[in-house]
Amino acid sequence: MTVADIQAIDYGTDAGADHAAELVLVAITTRQRPRMLAHCLAVCLAAERPPASAVMFLVVDNDPAESGRSVVAEAAAASGIRIDYVMEPQPGIPAVRNRALDAAAALQARWLAFIDDDSFPEPGWLVALVGAARREGAQLTGGPILFGPPQEPIGIWRRFLCRGLVASSRRRQQWRLRFARGNADSTIITTANWCADLPWLIAQGLRFDSRFARSGGSDTAMDRAIRSKGAKVVYEPASVVTEILPAERLTLRYQFLRRMHSGMVRSYQRRSAGRFGQALSRAIIGGAASLIGAGVLFPIGALATVASPTAGAQLVIGATRMAGRGIGFVRGVLGELPQQYRKVQGY
């Protein structure tokens, strides 16, 4: 379907799907990152389709200026594939994800898959994701999220950090490959690579938590909420997505703050579960252990850089993140949430 101007979804019309097949809605969330969105759309549209499925695409834009509208129109026109576009006026990631959930429900989709606009899937990503859900009878599936280098030129220091981050993500994938297939007990499924059984999700009344609009963490909260309902959650190593690292994230300051923010959110979630005493003790112990570990690991990483820059970068970044996480644990248990998503990073 060639589209000159994408309109808001008309839920009262036929979705154009094969009603004999299961409908898979792929939702891409975006905000003021048109170049990344264009790349993500191109890769998603070229991905392989699961068997016995009708696949539709939806872009939910959180930019009131609708910076993603023209990108979607161009991608639809170039590919001949229908791409629906909606602008969610309420700021924050949970509102955008819930808008996609409502759209999928209105279309009576069987599966809802999420991917971020800065993430690019491997060709077999969706086939593996939906296939694992069907094979295992899972209500939630996800897979590896690797890091990839930025598309703009970067200096020596940022290249050093980028090598460490990319290598760390691949090392984590190799480690999980040894035991993770069919077992996601220790792997949180985030919406950069996420697929849910939509009728089950709706029946449970689950939605993304608006408390985490600016802090991030609504997808990790959803992961825990889904598990609390007794769902089967599967980590599928064959469903691979690569997240492109913008240049502004390739600093130790950013790595420290990012992990501090995630620590704050995790500790805040534990506190909100009504176990303040337990959450406080875990925050103090975990925070102290993280800071001690960071103090030991950082000089080791600096020395290791001489022999192996990639290994040294991994250790230096690991120590920086460890320190940030320790401080975040304590701040979060005291009721503080970060505001990291007020600023858009990327292009």
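Heads up: these notes are all about the structure in this document.

Rules of the game
Counting restarts for each chain: residues are numbered from 1 in the order of the written sequence. For this predicted model, a pLDDT threshold of at least 70 governs which residues receive local features, and a threshold of 80 or more governs which side-chain atom pairs are given and counted, while totals over whole chains, interfaces and linings are taken from all residues. Here the side-chain values reflect all heavy atoms present in the structure, with hydrogen atoms and water set aside. When a carboxyl oxygen of Asp or Glu lies within 4 Å of a side-chain nitrogen of Lys or Arg, that pair is called a salt bridge. Every helix listed is a DSSP run of H or I at least four residues long, and every strand listed is a run of E at least two residues long, numbered separately from the N terminus. Remark: exposure states derive from per-residue accessible area (1.4 Å probe, protein chains only) relative to the maximum for the residue type, with buried under 20%, exposed over 50%, and partly exposed in between. In protein, a polar contact requires one atom able to donate a hydrogen and another able to accept it; more generally it is a pair of N or O atoms within 3.5 Å, and residues adjacent in sequence count only if both atoms are side-chain atoms. By definition in these notes, contact holds between two residues if any of their heavy atoms fall within 4.5 Å. The patch calculation keeps residues exceeding 30% relative accessible area without a salt bridge and links them within 9 Å when they carry like charges or within 5 Å when they are nonpolar (Val, Leu, Ile, Met, Phe, Trp, Tyr). All accessibility values rest on the Shrake-Rupley procedure with a 1.4 Å probe; residue burial counts only the protein chains present in the view.

Description of the pattern of salt bridges
And then number 1: Here the structure, examined in full by the defined rule, presents 18 salt bridges.
And then number 2: Note that E22 and R134 form a salt bridge whose closest N and O atoms lie 2.9 Å from each other. Placement of E22 in strand β1 (residues 22–30) and of R134 in helix α4 (residues 125–136) is noted, with a sequence separation of 112 residues between them.
And then number 3: The closest approach of N and O atoms between R110 and D197, which form a salt bridge, is 2.8 Å. Remark: D197 occurs in strand β8 (residues 194–197) and R110 occurs in the loop between α3 (93–106) and β4 (111–116); sequence separation between them is 87 residues.

Quick look at the side chain of D117
And then number 1: Examined against the element boundaries, D117 turns out to sit in the loop between β4 and β5 (119–121).
And then number 2: Relative accessible area serves as the criterion here: at 2%, D117 is assigned to the buried category.
And then number 3: Within polar-contact distance, the side chain of D117 engages the side chain of R33 at 2.5 Å.
And then number 4: With residues up to four places along the chain from it excluded, the contact list for D117 reads I28, T29, T30, R31, R33, M36, L37 and C40.

Some remarks on a nonpolar patch on the surface
And then number 1: A surface patch of nonpolar side chains, amounting to about 280 Å² of accessible area, comprises I292, V296 and I300.
And then number 2: Considering the arrangement of structural elements, one finds I292 in helix α9 (residues 276–307).
And then number 3: Exposure remark for I292: the relative accessible area of 58% places this residue in the exposed category.

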